[in-house]
Amino acid sequence: MKTSDEKSPQIRRGPHPLALHVASATQNWTAAAAALPLFHLGGLQIHPELKEQSNNLHRKIAGCDLEQLQFLVLKKAQTRLSETLAGLQAYQDHTYVRDMPAVPVLHQIGTTKLLDYGAGLPGDSPITIAVPSLVNPAYILDLRKDHSLMRFLGQQNIHPYLLDWTAPGTKEKDFGLEDYILKRLIPLIRAVHQHHGRKIHLLGYCMGGNLSLAAARILQDEHILESLTLIATPWDFHADQPAHLAALTTQFLKMDSLSQSEQTVTLNIMQLFFFSLDPTLSDRKFRRFAALDPASSKARDFVAIEDWANDGSPLAPGVARDCLSHWYRDNLPDKNRWSIGGKLINPAHLNLPGHIITPTSDRIVPAASAKALQGKLPRYHHTTIPGGHVSMIAGKDAKTTLWPKLASYLK
């Protein structure tokens, strides 16, 4: 008998871009055997941080037969590649289907909606607006009926709203980050304040934290915000990033879809950019997934989050350009040169109380990037949560490690 989360199988063609995931895994593992003779002869360039491991490995294989060793490495590489492909297939074949009830919309401007999760709550409940990234769907904060940050906050008598950016429509296709902040986020914050007549707790996740911080700075003199919570929010976009980041960003900015306002930037383009920052992540996670029992809750949780990661809406070209040029290339926020609506977005100018939350093992927002923001807001309360960028807020342990701390702070 199928559960409500497993109504009917769906056809998955991801992870996106699928060809890249397969080609990258194939190249990584076949290259391992091909590089062995060069490594054995000491002609392979080694990263400085891996020198000690390299020297230890050299000592271990010093007396081995090179031809036999290369055969064993090739055999192991083929096994690893088979595991990756098995994991991809298992993900595509999984029976999980997200099935959630509709959420009332308090207010909508263009294609941006404000979802109301607070039906039936007392009128004096604390009010919070959760602001997710523009790159991925908002429902990471409302993943399943039995695993939803929004519904958890409601159960704690906190009135939660979720900003759902959705896909850009006719009005949004020419938007940049400034437009989304000034013409969507800030008017919707004002709408909630007008509706309740009380101050609002603003909660930003990932890129949503950057947008929330900018909105808080602009709204500061209106005194309609109670606090600002920033979760896994990047600030120093050059901290702990690979050496090829500048060249990579420059090449992406030359793509046709980023220079023409007539078409949106597809999910695949942004997936390709983030994939390029850590090319082996996909291989590692799908090999681990291949070893799971498909019927286990761990496998279901993986599929639910992977479906979300592959379900992003296209971006307005201006948004993609702003993120790549202003943030990843020029690092304007950390240089105190990022401005919105003519106002410099300097965290030091904020007088709101707040809370900064960072995960322990974030591969999307390096710890140093998030800590740069903590350094600019030393008076803010800081919490470190076990997990990665997504698992800390939507993984199986989030309801015990993060969510209660959020609720406690908001209360």
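Residues numbered from 1 in each chain as written. Predicted model: local features only at pLDDT ≥ 70, side-chain atom pairs only at ≥ 80, totals over all residues. Heavy atoms only, no water.

Chemist: An account of the layout of surface pockets is requested, with residue identities and associated values reported.
Modeler: Looking at the second largest pocket, its volume works out to about 550 Å³. Around the second largest pocket sit 19 residues that line it, and Ala32, Phe39, Leu44, Ile46 and Leu57 are the ones nearest its centre. Elements represented by at least two residues in the lining of the second largest pocket include exactly α1 (18-40), α2 (51-61) and α3 (66-93). Take the lining of the second largest pocket: its biggest share by element is six residues, from α1. The class makeup of the residues in the lining of the second largest pocket is 13 nonpolar, five polar and one charged. (1 Å grid on protein atoms, 1.4 Å probe; cavity = no way out; pocket = protein on both sides within 12 Å on 5 of 7 lines; lining within 4 Å. Points joined across faces, edges and corners; volume = space filled by probe spheres on them. Helix = DSSP H or I, 4+ residues; strand = E, 2+ residues; numbered from the N terminus. Nonpolar A, V, L, I, M, F, W, Y, C, P; charged D, E, K, R; others polar.)

Chemist: Can you explain the packing of helix α5 (residues 177-196) against helix α6 (residues 207-219)? Please cite residues and give values.
Modeler: Direction vectors running N to C along α5 and α6 enclose 70°, while the axes themselves pass 10 Å from each other. When the interaxial angle is binned, α5 and α6 end up roughly perpendicular. In this structure, α5 meets α6 at a crossing whose hand is right-handed. On α6, the residues touching Leu177, Ile181, Leu182, Leu185, Ile186, Ile189 and Arg190 of α5 are Met207, Leu211, Ser212, Ala214, Ala215, Ile218 and Leu219. (Axes fitted to C-alpha atoms, helices over the stretch in contact; angles between N-to-C directions. Parallel < 35°, antiparallel > 145°, perpendicular 65-115°, else oblique. Left-handed = near helix turned anticlockwise from the far one by under 90°. Contact = heavy atoms within 4.5 Å.)

Chemist: I'd like a description of the environment of Ala243, backed by residues and values.
Modeler: Mapped onto the fold, Ala243 is located in the loop between β6 (225-231) and α7 (245-253). Between the alpha carbons of Ala243 and Leu277 there is a distance of 9.7 Å; along the sequence they are 34 residues apart.

Chemist: Give me the state of the cysteines: which residues, what numbers.
Modeler: Here is the idea: a disulfide is a covalent bond, and it sits between the sulfur atoms of two cysteines. Scanning the entire structure with this criterion turns up zero disulfides. With no disulfide of its own, Cys323 has Cys206 as its nearest cysteine by sulfur position, at a separation of 9.5 Å. (Disulfide = S-S within 2.5 Å.)

Chemist: How would you sum up the confidence of the model for the chain? Please name residues and give values.
Modeler: Within the chain, residue pLDDT values average 90, and 96% of them lie at 70 or more. Under a pLDDT of 50 for its full length, residues 1-6 has, in the predicted model, 15 contacts with residues more than four places off or in other chains. (pLDDT = per-residue confidence, 0-100.)

Chemist: Outline the environment of Asp221, supporting the account with residue identities and numerical values.
Modeler: Structurally, Asp221 is set in the loop between α6 and β6. Residues Asp221 and Asn351, spaced 130 residues apart in sequence, show a C-alpha to C-alpha distance of 9.9 Å.

Chemist: Run through α7, naming residues and quoting values.
Modeler: For α7, the full list of buried residues reads Leu245, Leu248, Thr249, Phe252 and Leu253. What you see down the axis of α7 is that its buried residues fit within an arc of 130°, all on one side. (Buried < 20%, exposed > 50% of the residue type's maximum accessible area, 1.4 Å probe, protein only. Arc of directions from axis to C-beta.)

Chemist: Tell me about the sheet that holds strand β10 (residues 381-385), and please be specific about residues and values.
Modeler: Strand order in the open sheet formed by eight strands is β1-β2-β4-β3-β5-β6-β9-β10, and the pairing between neighbours is mixed. The open sheet terminates on both sides in strands that have one partner only, identified here as β1 (105-109) and β10. For this sheet the average axis-to-axis angle between neighbouring strands, irrespective of direction, equals 15°. Pairing geometry for β6 and strand β9 (residues 354-359), over four bridges, is parallel. (Pairing = 2+ DSSP bridges.)

Chemist: Please provide a residue-by-residue account of α1, values included.
Modeler: The end-to-end C-alpha separation of α1 is 34 Å, in line with the 33 Å expected for 23 residues at 1.5 Å each. Of all the bends in α1, the greatest, near 35°, is centred on Ala34, and the proline Pro37 appears no more than four residues after it. Within the span of α1, buried status applies to His21, Ser24, Ala25, Trp29, Ala33, Leu36 and Phe39. Of the surrounding elements, those touching the buried residues of α1 are α2, α3, α9 (267-277) and α10 (281-290). Downstream of α1 by a residue or two, Gly42 has a phi angle that is positive, lying close to 80°. (Expected span 1.5 Å × (residues − 1). Bend = angle between axes of the 7 residues up to and from the residue.)

Chemist: Just give me the short version of unusual backbone geometry, but keep the residues and values in it.
Modeler: Of note, the amide linkage connecting Gly14 to Pro15 takes the cis form, showing an omega dihedral of 5°. For Pro15, the location among the structural elements is in the segment before α1. Cis geometry is adopted by the peptide bond preceding Pro17, which originates at His16 and carries an omega value of -15°. Secondary-structure assignment places Pro17 in the segment before α1. Of note, the phi angle at His223 is positive, near 55°, even though the residue is not glycine.

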